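The residues making up each chain are set out below.
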Number of protein chains: 4
Amino acid sequence: MSKYASLKEEAWAANVEIPLRGLALYTWGNVSAFDPALAVFAIKPSGVPYPDLKAEDMVVVDLEGKVVEGKLNPSSDTPTHMVLYRDFNTKDKTPVRGIIHTHSTYAVAWSQACKSVPLFGTTHADHIQTAVPCTPYLSREAVEKDYELETGNLIVEMFHKGLAGTADRCGAGAPLDPAEVQMALVGGHGPFAWGGNAAKALYNGAVLEEVARMAILTLQINPEAGTLPAYIIDKHYRRKHGPNAYYGQKGSK
Amino acid sequence: MSKYASLKEEAWAANVEIPLRGLALYTWGNVSAFDPALAVFAIKPSGVPYPDLKAEDMVVVDLEGKVVEGKLNPSSDTPTHMVLYRDFNTKDKTPVRGIIHTHSTYAVAWSQACKSVPLFGTTHADHIQTAVPCTPYLSREAVEKDYELETGNLIVEMFHKGLAGTADRCGAGAPLDPAEVQMALVGGHGPFAWGGNAAKALYNGAVLEEVARMAILTLQINPEAGTLPAYIIDKHYRRKHGPNAYYGQKGSK
Amino acid sequence: MSKYASLKEEAWAANVEIPLRGLALYTWGNVSAFDPALAVFAIKPSGVPYPDLKAEDMVVVDLEGKVVEGKLNPSSDTPTHMVLYRDFNTKDKTPVRGIIHTHSTYAVAWSQACKSVPLFGTTHADHIQTAVPCTPYLSREAVEKDYELETGNLIVEMFHKGLAGTADRCGAGAPLDPAEVQMALVGGHGPFAWGGNAAKALYNGAVLEEVARMAILTLQINPEAGTLPAYIIDKHYRRKHGPNAYYGQKGSK
Amino acid sequence: MSKYASLKEEAWAANVEIPLRGLALYTWGNVSAFDPALAVFAIKPSGVPYPDLKAEDMVVVDLEGKVVEGKLNPSSDTPTHMVLYRDFNTKDKTPVRGIIHTHSTYAVAWSQACKSVPLFGTTHADHIQTAVPCTPYLSREAVEKDYELETGNLIVEMFHKGLAGTADRCGAGAPLDPAEVQMALVGGHGPFAWGGNAAKALYNGAVLEEVARMAILTLQINPEAGTLPAYIIDKHYRRKHGPNAYYGQKGSK
């Protein structure tokens, strides 16, 4: 039995949930699962419909992008996943152990509008404390060089620059921490999200889609809607995260 | 057998209906059921997915917020429920015997926009005779003091002040009666609704979501849409409520 | 066996389809079926949820509004149905043998906006050749006199006046023919539709909801969207209706 | 057994998927499948509900519009399909072997708005490299001459003129290649899409509906949203199409 069996199972289970959560039509989304000890991730094969997927079809790729197990082509977005695992994790800190990319409708709409999703309410603040940052369009040079890899670099660069590096230049320039901001939009393209495992990446992908939907509706009611005050953002985030979190059951986090 | 068994069953049945009515993703909503004789309410445990819930998991809490039965942590919103049961009921009049809080999409959009939902039509007037009132954001002091408890106080205070106490200061200042206005929005957060039992609270939560959706669409067609004339509001409400109500079957109210 | 059995069956079958077509939550809609020979109609009982309905529960009412068979209260909207059957049918011409009233979301939005649904495209023109007309609000006098009966009169009056009698006074004043325009909106309230039997009334209710939805989206793309040219309206209508209709199979109309 | 059996089976399978993909209510859509060797296409019979359809009900029509097999009337849109098969295919090049026409909600909204769907993002660019072109309204002369046939001619004429021939005159005038641009809108009416077989036509119909929906939402967020830069459009299209395509599995295209 493959030593990657459980990693492939984890990736598979999250991939087949993509259409059940309404996050993609046809094959328009993929999830990967990362094992820091083995330094590989398992990812959806390219172009295979979800109902046909089996756990054994998952493709195992190392951090140089080399396939180490699997007969099928990995997702064409594999280099983007690779860059995020490589650059958002360190030896000491590996917050990114699962990644999702989809073309979910409302998150794509914000991406196409080249706008970060404003933090309008507590549904959003329960998950991240900033706008969902949106990159500018990828440059011509980057597209011509290595498109999917540079898409990863573009996200990483935005996290280094902070919100000043986003498409709509909202907010200040402090770097974003991928352990805290677990979702991003690529301008003109669509959403990426991540988390401590593949299931949490999927969860964050669904959160982003719902938050994106609520934000469009909020602007339809009140184009001048304001950002949630910082003291409420902070409170809601700490309800769910950090040492004094009190949401949920003990040990279930 | 627990003396709270039927109360827990009532709360459980309404909680598991939340996702069936499309009112929450994941664990983003909770219902409680109140027994005025025992002066306790049964509420959803925090962070437990609906499909995993059992009636025996419901947590029984008294009006001081003390858990009197149950092994799990109650919903983190428990103090908000407690305040509403305490302040909206009296010895003689206990209109609030069930409460729902969700992050349903359209009601959240109005909350995030900090706008009360205008009374545009008879679907709304069949249930309440005013705009669905929206509180301002909670103050920094209140958030730092006791967030969930103060969220309850904010709603109660708005009912005392009437619509003049809402985020968008619409209408006059006569106090709102929680027996008649069985729903409210918290600015930047989301909806609360209540009723004569947990099932009616759930019903009012679903009504609020649909009325919120219709109101957004109405504004998209006609940004100058007017409030329904008072004489129609009054008529529709009296079709369903009060001594001369003639909607439904005898004894089914 | 009741001589109304087949009429009740027809009404029942259309009522239980209301939630399947997404046209109403809870009990917010009703269909009736009319028999011109017996001069009675069968209608949903008031406030009974669709899953609980049985054909034998349908209430049979004559054109004076008197219950001639049935133990339950008829829908509170019964007098509106009665007026439409009475005033839109004659001895020689009985185009209205089924009526539906719901609170379907998009049709209600247009009603609440007090706007007739513009005829933007062929989906609409396949069914009616005018805007879907919307009445003004019912007057105070009418509401205080006999609310549901006067709602019927308001629709009838609008058909006599033609589109000049609608809330937004669009178009000219030629009377509308209920045999051709089989749907209407009541300002601040919601949709009514009808047809040659209960199933066709239900169909027209679903058409109206979809056309109402398409029209909102059309305005979001192009607030200056124009009405479909008259020569296309006419062509599309004649594809499906009248002596030279060529849509569908022979004898299936 | 009919020599058209497999063609009818192909058309049938795509037709019954129309409602499953949410592309039409009732009978408001049809798919055909074309066999260039036999020079015929199989198409849905007119007005038959999808659940009642059998493969043997499909009607086989030649390129003069003559029924060569089948007892039922073919779709009233048959002449439009015929024109597209005739004019978009040549002896050497037959890119159009399946066609779909529906009244899917969001694509109809763009048609009714008489606007081509702008190319805002990569979801769109993965499939076509231009706006989804929308024809002007059909002229009075064309409608009076032969409505459905002239609808086909209108689409063909727009492809010859390029985007300068669209309703909103967006972009330049280079002719469009139906092998690359596999979808179009008819002003005031609705969408047509095609592909290398009936299943691919259906797929393109679903793509168009989703792209149309994303584009409306994009404009709601940012009415000034820009077109995706040409170098990204080009890259995304070449990921999936042409000699160096690398999306999917070998031989699965």
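Bear in mind the structure is a predicted one, so any value in this text is a computation, not a measurement.

Helices and strands together make up the secondary structure of chain A, namely seven helices and seven strands. Computed over its C-alpha atoms, the radius of gyration of chain A comes to 18 Å, within 12% of the 18 Å expected for a compact globule of 253 residues. Judged by the C-alpha coordinates and their principal axes, chain A covers about 55 × 50 × 35 Å. The proportion of buried residues among the 253 residues of chain A is 61%. Total accessible area computed for chain A in this model is approximately 9,600 Å², and 52% of it derives from carbon and sulfur atoms.

Once that is clear, we can look at the packing of aromatic side chains. Evaluation of the coordinates by the stated rule reveals 28 aromatic pairs over all chains. Between Phe 88 of chain A and Phe 159 of chain A, the aromatic rings sit 5.0 Å apart at their centres with planes inclined by 50°, giving tilted as the arrangement. Pair noted here: Phe 88 of chain A is in helix α2 (residues 78–88) and Phe 159 of chain A is in helix α5 (residues 140–161), with a separation of 71 residues, a long-range link. The same class applies to Phe 88 of chain A and to Phe 159 of chain A, which are both buried. On the basis of an interplanar angle of 40° and a centroid distance of 5.1 Å, the ring pair of Phe 41 of chain C and Tyr 85 of chain C is categorised as tilted.

This part covers the sheet that holds strand β5 (residues 98–102) of chain D. All names here are of chain D. With antiparallel pairing, seven strands are arranged side by side in an open sheet as β4-β3-β2-β1-β5-β7-β6. Two strands in the sheet have a free side with no partner beyond their single neighbour: β4 (67–69) and β6 (183–185). Strand-to-strand twist of the sheet, defined as the mean angle between neighbouring strand axes without regard to direction, takes the value 25°. Bridge count for strand β1 (residues 29–35) against strand β2 (residues 40–43) is four bridges, and the pairing is antiparallel. Paired with Ser 32 across the two strands is Ile 43, which belongs to β2. Across the sheet, helix α6 (residues 198–221) lies against β1, β5, β6 and β7 (191–195), angled at about 140° from β7, the strand it touches most.

Bringing the interface of chain D and chain A into the picture now. Chain D puts 36 residues into the contact, and the matching count from chain A is 32 residues. When the buried area of chain D at its contact with chain A is split by residue, Ile 221, Tyr 231 and Gln 249 of chain D rank highest and sum to 22% of it. On the surface where chain D and chain A come into contact, there are two salt bridges. Between Glu 148 of chain A and Arg 239 of chain D there is a salt bridge, and its shortest N-O distance comes to 3.0 Å. Inspection of the region where chain D meets chain A yields 22 residue pairs in polar contact (both at pLDDT 80 or more).

Our focus in this paragraph is the pairing of strand β2 (residues 40–43) of chain A. Burial of the side chains of β2 of chain A extends over both faces: Val 40 and Ala 42 of chain A are buried on one face and Phe 41 and Ile 43 of chain A on the other. In this structure, the hairpin formed by strand β1 (residues 29–35) of chain A and β2 of chain A is closed by a connection of four residues, where Ala 39 of chain A is found at a positive phi of approximately 55°.

We now examine the interface of chain B and chain A. Tallying the contact residues gives 32 residues for chain B and 36 residues for chain A. Between chain B and chain A, roughly 3,100 Å² of surface is buried when both sides are summed, and carbon and sulfur atoms account for 56% of that area. Contact with chain A buries area across many residues of chain B, yet Tyr 26, Trp 28 and Gln 112 of chain B alone supply 23% of it, more than any other trio. For the interface between chain B and chain A, the tally reads two salt bridges. A salt bridge links Arg 239 of chain A to Asp 77 of chain B, with the nearest nitrogen and oxygen atoms 3.2 Å apart. On the surface where chain B and chain A come into contact, there are 23 residue pairs in polar contact (both at pLDDT 80 or more). The element that contributes the greatest number of residues to the side of chain B that touches chain A is helix α3 (residues 105–112) of chain B, accounting for six residues.

The N-to-C vectors of helix α6 (residues 198–221) of chain C and helix α3 (residues 105–112) of chain D enclose an angle of 55°; their axes lie 8 Å apart at closest approach. On the basis of the axis angle, α6 of chain C is oblique to α3 of chain D. For the element pair α6 of chain C and α3 of chain D, the recorded crossing hand is right-handed. Counted together, Glu 210, Arg 213, Met 214, Ala 215, Leu 217, Thr 218 and Ile 221 of chain C of α6 of chain C and Thr 105, Tyr 106, Val 108, Ala 109, Trp 110 and Gln 112 of chain D of α3 of chain D form the full contact between these two elements. Per-class residue counts for the contact of α6 of chain C with α3 of chain D are eight nonpolar, three polar and two charged.

For the rest of this paragraph, the subject is the sheet that holds strand β6 (residues 183–185) of chain A. Residue and element names in this part refer to chain A. With antiparallel pairing, seven strands are arranged side by side in an open sheet as β4-β3-β2-β1-β5-β7-β6. Of all strands in the sheet, those bounded by a partner on one side alone are β4 (67–69) and β6. In this sheet, neighbouring strand axes are inclined to one another by 25° on average, regardless of whether the strands run parallel or antiparallel. In the sheet, strand β5 (residues 98–102) pairs with strand β7 (residues 191–195) via four bridges, with the strands oriented antiparallel. The partner of Ile 99 across the bridge, within β7, is Trp 194.

Its rotation angle being 90°, the transformation that places chain B on chain A also includes 0.0 Å of axial translation and leaves an RMSD of 0.0 Å. On the angle and the small slide along the axis, the relation comes out as a four-fold axis. No C-alpha of chain B approaches the rotation axis more nearly than that of Gln 220 of chain B, which lies at 5.5 Å.

Now for the pairing of strand β3 (residues 59–62) of chain C. All names here are of chain C. Covered by surrounding structure in β3 are Val 59 and Val 61 together with Val 60 and Asp 62, the residues of both alternating faces. In this structure, β3 lies alongside strand β4 (residues 67–69), joined through two bridges in antiparallel fashion. Opposite Val 60, over in β4, you have Glu 69 as the bridge partner. Where β3 hands over to β4, the hairpin turn is made up of four residues, of which Gly 65 adopts a positive phi near 90°.

Here we come to the environment of Arg 239 of chain B. With respect to the element layout, Arg 239 of chain B can be found in helix α7 (residues 230–240). For Arg 239 of chain B, a relative accessible area of 4% puts it in the buried group. Sequence separation between Arg 239 of chain B and Ser 32 of chain B is 207 residues; the distance between their C-alpha atoms is 29 Å. Once you skip the residues sitting within four places of it in the chain, Arg 239 of chain B turns out to touch Ala 245, Tyr 246 and Tyr 247 of chain B together with Ser 76, Asp 77, Tyr 147 and Glu 148 of chain C. Within the structure, Arg 239 of chain B has its side chain in polar contact with the side chain of Ser 76 of chain C (distance 2.4 Å).

Attention now goes to the environment of Leu 176 of chain A. Residue and element names in this part refer to chain A. Note on placement: Leu 176 falls in the loop between α5 and β6. Residues Leu 176 and Glu 157, spaced 19 residues apart in sequence, show a C-alpha to C-alpha distance of 10.0 Å. In this structure, Leu 176 is in contact with Thr 130, Pro 133, Met 158, Phe 159, Gly 162, Leu 163 and Val 181, ignoring residues within four places of it in sequence.

Relative orientation and spacing of two packed helices are given, respectively, by the angle between their axes and the distance between those axes. Residues and elements named next belong to chain A. It is at 8 Å that the axes of helix α1 (residues 5–20) and helix α6 (residues 198–221) come closest, and there the two elements cross at 20°. Relative to α6, the element α1 is oriented roughly parallel. Handedness of the α1/α6 crossing: right-handed. Residue-level contacts link Glu 10, Ala 11, Ala 14, Glu 17 and Ile 18 of α1 to Ala 198, Ala 199 and Leu 202 of α6.

For the pair chain D and chain A, the superposition axis carries a translation of 0.0 Å, the fit reaches an RMSD of 0.0 Å, and the rotation angle comes to 90°. Of the interface residues in chain D, just 3% have counterparts in chain A that sit at the interface too, so the contact is made through distinct surfaces.

Residues and elements named next belong to chain B. Taking burial as the measure, the eleven residues of helix α2 (residues 78–88) include eight buried ones, the bulk of the element. Listing the buried residues of α2 in full gives Thr 78, Thr 80, His 81, Met 82, Val 83, Leu 84, Tyr 85 and Phe 88. Looking at the buried positions of α2, the neighbouring elements they touch are β1 (29–35), β2 (40–43), β3 (59–62), β5 (98–102), α5 (140–161) and β7 (191–195).

What follows covers helix α7 (residues 230–240) of chain A. Burial analysis of α7 of chain A places eight of its eleven residues in the buried class, which makes it a mostly covered element. For α7 of chain A, the full list of buried residues reads Tyr 231, Ile 232, Ile 233, Lys 235, His 236, Tyr 237, Arg 239 and Lys 240 of chain A. Residues of α7 of chain A that are buried sit in contact with α4 (122–125) and α6 of chain A together with α5 of chain B. Just beyond α7 of chain A, the residue with positive phi is Gly 242 of chain A, at close to 90°.

Even without being a glycine, Tyr 26 of chain C presents a positive backbone phi close to 45°. As for its position among the elements, Tyr 26 of chain C is in the loop between α1 (5–20) and β1 (29–35). Positive phi outside glycine occurs at Cys 114 of chain D, with the angle close to 55°. Inspection of the secondary structure puts Cys 114 of chain D in the loop between α3 and α4 (122–125).

Conventions we followed
What you see as residue numbers is a count from 1 along each chain, following the sequence as written. Lettering for chains starts from A, numbering for ligands starts from 1, and both go in the order in which the items are written. With pLDDT at 70 or above as the cut-off, local features in this predicted model cover only qualifying residues; side-chain atom pairs require 80 or more to be listed or tallied, and sums for whole chains, interfaces and linings still use all residues. Here the side-chain values reflect all heavy atoms present in the structure, with hydrogen atoms and water set aside. Put simply, DSSP marks the helices as runs of H or I at least four residues long and the strands as runs of E at least two long, and each gets a number from the N terminus on. Each radius of gyration is computed over the set of C-alpha atoms, and the globule rule expresses the reference value as 2.2 Å times the number of residues to the power 0.38. Relative accessible area decides the class of each residue, using a 1.4 Å probe on protein chains only: under 20% of the type maximum gives buried, over 50% gives exposed, and in between gives partly exposed. Accessible surface is estimated by sampling points in the Shrake-Rupley manner with a 1.4 Å probe; for residues, cover comes only from the protein chains shown. Aromatic rings from Phe, Tyr and Trp, taking only the six-membered ring of Trp, are treated as a pair when their centres fall within 6.5 Å; an angle between ring planes under 30 degrees marks them as stacked, one over 60 as edge-to-face, and anything in between as tilted. A pair of strands is considered paired only if DSSP assigns at least 2 bridges between the two. The axes used here are C-alpha line fits, helices contributing only the stretch in contact, and every angle between their N-to-C directions lies in the interval 0 to 180 degrees. The criterion used for residue contact is that any of the two residues' heavy atoms lie within 4.5 Å. Each of two parts loses accessible area, computed with a 1.4 Å probe, when they are put together; buried area is these two losses added. Salt bridges are identified by distance alone: a Lys or Arg side-chain nitrogen within 4 Å of an Asp or Glu carboxyl oxygen. Throughout this description, a polar contact denotes any pair of N or O atoms lying within 3.5 Å of each other; where both atoms belong to protein, one of them has to be capable of donating a hydrogen while the other can accept it, and for residues adjacent in sequence the pair is counted only when both atoms sit in side chains. Here roughly perpendicular refers to angles of 65 to 115 degrees, roughly parallel to angles under 35, roughly antiparallel to angles over 145, and oblique to all remaining angles. Definitions for this section: a left-handed crossing has its near helix turned counterclockwise from the far helix by less than a right angle. A right-handed crossing has that turn clockwise. Gly is put with the polar residues, along with every residue not named as nonpolar or charged; the nonpolar set is Ala, Val, Leu, Ile, Met, Phe, Trp, Tyr, Cys and Pro, and the charged set is Asp, Glu, Lys and Arg. For this overlay, a least-squares fit was computed on C-alpha atoms, restricted to residues scoring pLDDT of at least 70 in both copies.

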